[in-house]
Amino acid sequence: MHGLLARTLQCFLQDTYGLGTWAEIARRADLDSPDFEAMLDYEPATVERVLAAAVQRLDKPGEAILEDIGTYLISHHNNEGLRRLMRYGGLDFIDFLHSLEDLPGRARLAVADLDLPELELCDREGGGFDLICRAGSTHPRGLGHVLVGVLRAMADDYGALVILGHSGASAGRERIEITVVQTDFAAGRSFDLGGAPPSPVEGQ
Amino acid sequence: MSLPPETMATLMPLHMAIGADGQVVSLGPTLAKVLGPGAGEGAAFTQLVEIYRPRAVATLPVLLSLAGRKLQLRLRGRAGLAMKGLAMPDGRGGAVLNLSFGIGVVEAVRRHALTSSDFAATDLAIDMLYLVEAKSAAMESSRTLNRRLQGAMQAAEQRAFTDPLTGLGNRRAMDQLLQRLIRGGERFAVLHLDLDHFKQVNDSRGHAAGDRVLQAVARTMLDLTRKNDLVARIGGDEFVILPLGLTDHERLSDLARQLIARIEEPVPIEDGACQVSASIGISLHDPDNPSPAGVAGLLAQADSALYAAKREGRSRHAFHRAEAA
């Protein structure tokens with residue numbers, strides 16, 4: 001499994017609960033090294049062990065932790081780069097939803113060996129959407145919950161009023177129900193095409 | 001065929017419609033934004049753009065003769081942006097010149113605060129911007145890993161040059177510095193130090209006591225040398241000191257005597273104290289008259305001086321003398 005996913009879990013736990021908590025979770029998960037590298041590969045079982053240790057240590061359901069990871073990915077200031085990449089998806093939240101099926105392809109453009117689950121957006125009668133997330137055997141379980149967090153944070157980012165929730169999984173397919181109440185409910189955060197952070201200087 | 005202006009503007013936001021007289025009839029909205037207010041309609045097209053490849057274009061007929069060819073051009077005025085262009089006849093004696101930022105798109109977007117609605121939905125410009133940002137993020141990640149690996153490599157190298165028991169350099173550290181000193185053409189001394197009576201300590205008081213003695217001796221040697229001198233443990237109870245810049249016989253003898261005196265001080269261990277002594281052989285590297293066998297020869301000379309000191313009754317030092325070799 002791609003190190004980016006493992007590294008994301010580590011950064012989330014460190015940035016949200018502190019280095020001490022992370023060290024404890026890493027110990028409980030019996031990791032060889034307490035640091036995941038974003039550009040190396042890991043066994044999915046290793047990452048699942050870390051998540052299980054986090055569930056115990058934080059006394060929080062796994063699904064809630066996964067959803068928090070999704071929110072963290074978009075809204076934490078350490079991840080501004082990723083938020084910007086996601087905003088390339090469209091001008092408003094509906095546009096963004098329509099771009100989600102391209103997401104795995106876009107991710108591969110950035111990191112050629114990053115394999116994300118297939119996504120499919122279906123229109124529901126009455127104006128809502130169903131987002132189907134098809135995880136493969138190489139993916140850790142529960143990515144749909146991460147996606148729920150990502151979608152909630154992106155709705156905030158666009159300033160859209162959205163009702164969404166995970167509505168279960170069957171046969172490796174997770175389903176997320178999305179109802180967009182209003183696309184311009186609040187101001188949202190700005191996205192300026194030319195506003196990419198300058199390239200980091202070597203040694204920083 | 002004549003298209004409504006809105007159609008032209010939406011399909012080609014970076015176009016310029018040129019009339020049969022060579023004057024600009026209309027500009028796409030994004031091109032107008034980049035050129036700035038006031039530029040445009042009524043001006044000759046050559047006042048707005050300078051086409052320089054495949055050749056300089058000064059008139060409409062020349063432009064039309066290049067129809068369908070890739071044009072390289074610059075916007076005139078403050079913008080000064082390099083762009084790519086493609087011109088085709090409009091069917092009424094004029095031409096439509098469509099432009100693209102090419103790979104300059106990142107800079108153009110920054111400079112002119114363009115947004116995604118400034119580009120046609122079919123234009124790959126936005127995808128290119130996405131790719132540029134995604135690549136720099138991925139590259140940064142990769143660089144972070146490289147930096148960490150470099151740090152780990154340096155730490156491993158450090159360990160590879162260190163004797164774990166005493167923290168002194170090891171034989172590899174000594175070899176590397178000797179080679180560097182010889183290459184550098186410097187005059188320097190090699191002190192080869194061997195403990196006396198160490199085997200008895202090890203045999204009668206145990207290895208733990210022996211280790212304590214070795215650590216104490218290492219501390220003594222570090223105390224009596226300077227920070228940049230090399231002190232290395234090259235065998236069980238064998239050490240080499242390279243006191244950089246110190247080649248005077250008298251001062252080398254002083255150092256050797258001090259070392260031996262301090263090493264002879266008893267080392268406290270759990271049930272009492274241990275006492276050892278040391279013998280030292282000293283050889284000198286003279287860049288004008290080097291040992292023919294290089295590093296090995298220099299060490300052999302120090303070694304033979306060490307055995308001379310041992311033969312003379314231990315707890316003393318001896319210099320290697322050329323005639324005695």
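Cut-offs and rules
- Residues numbered from 1 in each chain as written.
- Chains lettered and ligands numbered in written order.
- Predicted model: local features only at pLDDT ≥ 70, side-chain atom pairs only at ≥ 80, totals over all residues.
- Heavy atoms only, no water.
- Phe/Tyr/Trp six-rings, centres within 6.5 Å; stacked < 30°, edge-to-face > 60°.
- Helix = DSSP H or I, 4+ residues; strand = E, 2+ residues; numbered from the N terminus.
- Buried < 20%, exposed > 50% of the residue type's maximum accessible area, 1.4 Å probe, protein only.
- Lys NZ or Arg CZ within 6 Å of the ring centre and 35° of its normal.
- pLDDT = per-residue confidence, 0-100.
- Expected span 1.5 Å × (residues − 1).
- Pairing = 2+ DSSP bridges.
- Axes fitted to C-alpha atoms, helices over the stretch in contact; angles between N-to-C directions.
- Contact = heavy atoms within 4.5 Å.

(A) Inspection of the packing of aromatic side chains at higher detail. Evaluation of the coordinates by the stated rule reveals 10 aromatic pairs over all chains. With centroids separated by 5.7 Å and ring planes inclined at 45°, the aromatic side chains of F96 of chain A and Y158 of chain A adopt a geometry described as tilted. Of the two residues, F96 of chain A sits in helix 6 (residues 93–99) while Y158 of chain A sits in helix 8 (residues 143–158), which places them 62 residues apart along the sequence. Both residues of the pair, F96 of chain A and Y158 of chain A, count as buried. Three or more aromatic residues link up through ring pairs in this structure, and these residues are F12, Y17 and Y72 of chain A. Sitting above the plane of the Y130 of chain B ring, R106 of chain A keeps its charged end 4.5 Å from the centroid. In this structure, R74 of chain B packs its charged tip against the face of Y52 of chain B, placed 4.5 Å from the ring centre.

(B) Quick look at the confidence of the model for chain B. Of the residues in chain B, 98% reach a pLDDT of 70 or more, and the chain-wide mean stands at 91. Scored as a whole, the predicted complex attains pTM 0.68, and scored at its interfaces, ipTM 0.79.

(C) Structural context of helix 9 (residues 207–224) of chain B. Taking 1.5 Å as the rise per residue, helix 9 of chain B with 18 residues should run 26 Å; its terminal C-alpha atoms sit 26 Å apart, in good agreement. Every buried residue belonging to helix 9 of chain B is among A209, G210, V213, L214, A216, V217, A218, T220 and M221 of chain B, and all of these are buried.

(D) Structural detail: the sheet that holds strand 8 (residues 230–233) of chain B. Residues and elements named next belong to chain B. Spatial strand order, 8-9-7-12-13: 5 strands in an open sheet with mixed pairing. Each edge of the open sheet is held by one strand with a lone partner, namely strand 8 and strand 13 (317–319). Each strand of the sheet is rotated relative to its neighbour by a mean of 20°, with strand direction disregarded. Examined bridge by bridge, strand 7 (residues 188–196) and strand 12 (residues 277–285) share 9 bridges and lie antiparallel to one another. From the neighbouring strand, D196 faces strand 12, where its bridge partner is S277. Where helix 10 (residues 249–263) meets the sheet, it contacts strand 7, strand 9 (238–242), strand 12 and strand 13, and its direction lies at approximately 160° from that of strand 12.

(E) Main features of unusual backbone geometry. Backbone torsion omega between R53 of chain B and P54 of chain B reads 0°, so that peptide bond is classified as cis. Residue placement: P54 of chain B occurs in the loop between strand 3 (49–53) and helix 4 (60–65). One non-glycine residue, D30 of chain A, adopts positive backbone phi at about 60°. With respect to the secondary-structure elements, D30 of chain A resides in the loop between helix 2 (19–28) and helix 3 (44–58). Despite not being glycine, D59 of chain A shows a phi value in the positive range, around 50°. Mapped onto the elements, D59 of chain A comes out in the loop between helix 3 and helix 4 (62–75). Of the residues examined, D59 of chain A reaches a relative accessible area of 70% and is grouped as exposed.

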